[in-house]
Amino acid sequence: MGQLTMLQIKAIYYPILAVIGVPANLVTIVILSRRNCGLSKCVSVYMIAMASVDLVVMIVNVMLYNIFSNRFPFSFLSHTPVCKLILYMTAVNLDLSVWFTVSFTFDRFVIICCQKLKTKYCTKRTAAMVITAFTVLIFLKNIPVLLAYEPHQTINKVHWGCVTSVAFVSSPPGAAYIWFHSAWGIWYPFTLIALLNCLTGRRILVASRSRRGLRGHRSETQSDSEMENRKKSIILLFAISGCFILLWLTAAVSLVTTRLAGINYYRGDRTDPGYIATETGTMLKFLSCFQNPCIYAATQRKFREELKTVVKSPWTFILSRLILGFRVFTSVVDIQQEKGEVSISYIMAAIFKRSMEGLLKSVPDTVVFQDDILFTARLLFPGNVVLQLRTVKTLEKAF
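Since the model is a prediction, treat every value here as computed from it, not as a measurement.

Here we come to the overall build of the protein chain. Looking only at helices and strands, the protein chain features 14 helices and two strands. A separation threshold of at least 6 residues defines the contact pool for the protein chain, and within that pool the share at least 24 residues apart is 74%. About 21,800 Å² of surface is accessible on the protein chain, with carbon and sulfur atoms providing 67% of the total.

Right under this line is the structure:
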């Protein structure tokens, strides 16, 4: 019964998480890449890296491994070499997600607590170097994962599926690696994030008291822009770090109480409470890869504004093309009126003009640009410079 319930939960949970998480992280990458959120280049690099890794986690860990591989057991994904590669990438992706969060936390610690070091460390170039170094290190560190699995079955000399290698798990190096892998992915990040946040919070409290003392003679209603910016930065930092710790806490506690390093290494009873706790911790870990877009939207006003712009931009593009078409027709009407001509295109343009007048009044003129005008003139009258100039003038008057 417990096994059936957990399978039902997973069958509902992972598709919903993928449907929401993939677009959310993709939109986050687009918004942060536009660099209109008022964030420093250094912070933007870390956030784009975290969103990119979270997107890969949603695609590989959630979709490929937990949805497609389980739903289609004899597909291309179930070939043992492909299965091993997917399992390897699941380990790499989670490690990258964790340690990019640690890197971001350390960067904020340096900029607040280390005044002499921040000018050299808190730069776009350093952030890119740190991300690259962690990426290479984690890819190398997870190579033993490829040795931890063996084929589940062989059909017509073709290896299918992956199961934990008993020889690897029972060997002292294998057992040591499993515990190192778990500590690297949970306990080391937990310790560092908690320590850095405590030191950062302490520094902020001391600096805030000193600053209020220095500004005591000023009006209480007078704003302090530096403190406001610092407050926003700290809210973002503590929100990301706090949610990370909360969502990974179940996995950390289950590791201590059940001694299960992860469900990929589990070969026992699937209805055991220890397995269920470990599986629950895994689902919450994947949920942490959806947290950052929610945090950005909740804490960053400019991010919310950019989100609205990105959501509206496809419709704005379609509307701009529609209005451009309307103005092309009206230009044909005006030009043919000057010539004293009446044609089918003239009649169609006149009808279209009347039907579009109401829509045009409700749309800003800025949705159609000067490049569109020139392009339209050349498209209507290729090679005829005189008519091109008349079309440009007519459209400019319509603006």
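Picking up where we left off.
This part covers the state of the cysteines. Scanning all chains against the criterion turns up one disulfide. Here Cys83 is linked by a disulfide to Cys162, with a sulfur-sulfur distance of 2.5 Å. Taken together, the positions of Cys83 in helix α3 (residues 80-113) and Cys162 in strand β2 (residues 158-164) put the pair 79 residues apart, joining distant regions of the chain. Taken individually, Cys83 and Cys162 each receive the classification buried, so the pair is uniform in this respect. Counting only cysteine sulfurs, Cys42 is the nearest neighbor of Cys122, a cysteine outside any disulfide, at a range of 5.3 Å.

Relative to the 21 Å expected for 15 residues at 1.5 Å per residue, helix α9 (residues 273-287) spans 21 Å between its end C-alpha atoms, a close match to the ideal helical length. Listed in full, the buried residues belonging to α9 are Gly274, Tyr275, Thr278, Glu279, Gly281, Thr282, Met283, Lys285 and Phe286.

Across all of its chains, the model carries 13 aromatic pairs by this definition. With centroids separated by 6.0 Å and ring planes inclined at 35°, the aromatic side chains of Phe106 and Phe109 adopt a geometry described as tilted. Residue Phe106 and its partner Phe109 are located together in helix α3, separated by three residues, close to a single helical turn. The exposure class assigned to Phe106 is partly exposed, which follows from its relative accessible area of 31%. Taken together through their ring pairs, the aromatic side chains of Trp99, Phe134, Phe180 and Trp184 make up a single cluster.

Further remarks concern the confidence of the model for the protein chain. Of all residues in the protein chain, 66% attain a pLDDT of 70 or more, and the chain-wide mean is 75. No element of the protein chain has a lower mean pLDDT than helix α12 (residues 344-361), at 49, and none a higher one than helix α5 (residues 124-141), at 93. Considering only residues more than four positions removed or in separate chains, one finds that residues 340-344, a stretch of pLDDT under 50, has four contacts.

This next bit is on the pattern of salt bridges. Pairs can form between side chains of opposite charge once their charged atoms are near each other. Inspection of every chain in the model, using the stated rule, returns three salt bridges. With its nearest N and O atoms 3.4 Å apart, the salt bridge here joins Lys10 to Glu279. Of the two residues, Lys10 sits in helix α1 (residues 2-34) while Glu279 sits in helix α9, which places them 269 residues apart along the sequence. Across the pair, Glu279 and Lys10 agree in class, each one buried.

Here we come to the environment of Ala175. Mapped onto the secondary structure, Ala175 falls in helix α7 (residues 172-214). What makes Ala175 partly exposed here is its relative accessible area of 30%. In this structure Ala175 touches Phe168 and Val169, once residues within four positions along its chain are discounted.

Mapped onto the secondary structure, Ser103 falls in helix α3. Setting aside its immediate chain neighbours within four residues, Ser103 contacts Tyr46, Val130 and Phe134.

Okay, the pairing of strand β1 (residues 149-155) next. Every other side chain in a regular strand lies on the same face of the sheet, so the side chains alternate between the two faces. Across six bridges, β1 lies against β2 in antiparallel orientation. Among the inter-strand pairings, Gln153 is bridged to a residue of β2, identified as Trp160. Counting the residues between successive antiparallel strands, the hairpin from β1 to β2 contains two residues, one of them, Asn156, with a positive phi of roughly 55°.

About the thresholds
Residues numbered from 1 in each chain as written. Predicted model: local features only at pLDDT ≥ 70, side-chain atom pairs only at ≥ 80, totals over all residues. Heavy atoms only, no water. Helix = DSSP H or I, 4+ residues; strand = E, 2+ residues; numbered from the N terminus. Contact = heavy atoms within 4.5 Å. Areas by Shrake-Rupley, 256 points an atom, 1.4 Å probe, with all protein chains shown as cover. Disulfide = S-S within 2.5 Å. Buried < 20%, exposed > 50% of the residue type's maximum accessible area, 1.4 Å probe, protein only. Expected span 1.5 Å × (residues − 1). Phe/Tyr/Trp six-rings, centres within 6.5 Å; stacked < 30°, edge-to-face > 60°. pLDDT = per-residue confidence, 0-100. Salt bridge = Lys/Arg side-chain N within 4 Å of Asp/Glu carboxyl O. Pairing = 2+ DSSP bridges.

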